[in-house]
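Structural characterization, general
What follows is each chain in one-letter form.
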Amino acid sequence: MTTAHHPRTLDLQPGERVRVRSAQEIFSTLDQRGTLDNLPFMPEMAKYCGRTFTVSKRADKTCGPDHGLRRMHDTVHLSSVRCDGSAHGGCQAACLMFWKEAWLERADLNGKP
């Protein structure tokens, strides 16, 4: 099931500071396939839980060989956060990670929510 907007929509903009929610909070948003709005929370993302980052840009669309052009909702990329490939056979492509806003919370200037 894909929903246009999750209850934790933050309308984040580039430059805003966010904290990645705890794994438990994130897992509570996922369906039985480990996805939210068909976007998986990848194993490589768990190490970022509890850490603070800057939003680098909104992720409004993506494309790929399996699904063509895909419109994204309530999704951002975080600065300096890329997939290390550890759960994907050691892949070294360093892809940008897609973060649902429901997995994040705004942080103040001191890095605290």
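Above this text you will find the structure in question.
Now for a quick tour of the structure. (Residues numbered from 1 in each chain as written. Predicted model: local features only at pLDDT ≥ 70, side-chain atom pairs only at ≥ 80, totals over all residues. Heavy atoms only, no water.)

Right, let's talk about the sheet that holds strand β9 (residues 104-106) for a bit. Pairing within the open sheet is antiparallel, and its 5 strands lie in the order β8-β7-β4-β1-β9. Where the open sheet ends on each side, the last strands, each with one partner, are β8 (99-100) and β9. Pairing analysis gives 3 bridges linking strand β1 (residues 17-20) to strand β4 (residues 52-58), with the strands arranged antiparallel. Paired with R19 across the strands is T52, a residue of β4. (Pairing = 2+ DSSP bridges. Helix = DSSP H or I, 4+ residues; strand = E, 2+ residues; numbered from the N terminus.)

Using the criterion set out here, one finds 9 salt bridges in the structure. Residue R21 is joined to E105 by a salt bridge in which the shortest nitrogen-to-oxygen separation is 3.5 Å. Note that R21 is positioned in the loop between β1 and α1 (23-27) and E105 in strand β9, a separation of 84 residues in sequence. Residue R21 is classed as buried on the basis of its relative accessible area, which comes to 12%. Overall, E105 belongs to the buried group, its relative accessible area being 15%. (Salt bridge = Lys/Arg side-chain N within 4 Å of Asp/Glu carboxyl O. Buried < 20%, exposed > 50% of the residue type's maximum accessible area, 1.4 Å probe, protein only.)

To continue, consider the packing of aromatic side chains. A complete count under the given rule lists 5 aromatic pairs for this structure. Judged by centre distance (5.9 Å) and plane angle (80°), the ring pair of F27 and F41 falls under edge-to-face. Residue F27 is found in helix α1, and its partner F41 is found in the loop between β3 (39-40) and β4; the two are separated by 14 residues along the sequence. You can call F41 buried: its relative accessible area is 10%. (Phe/Tyr/Trp six-rings, centres within 6.5 Å; stacked < 30°, edge-to-face > 60°.)

By themselves these figures say nothing about function.
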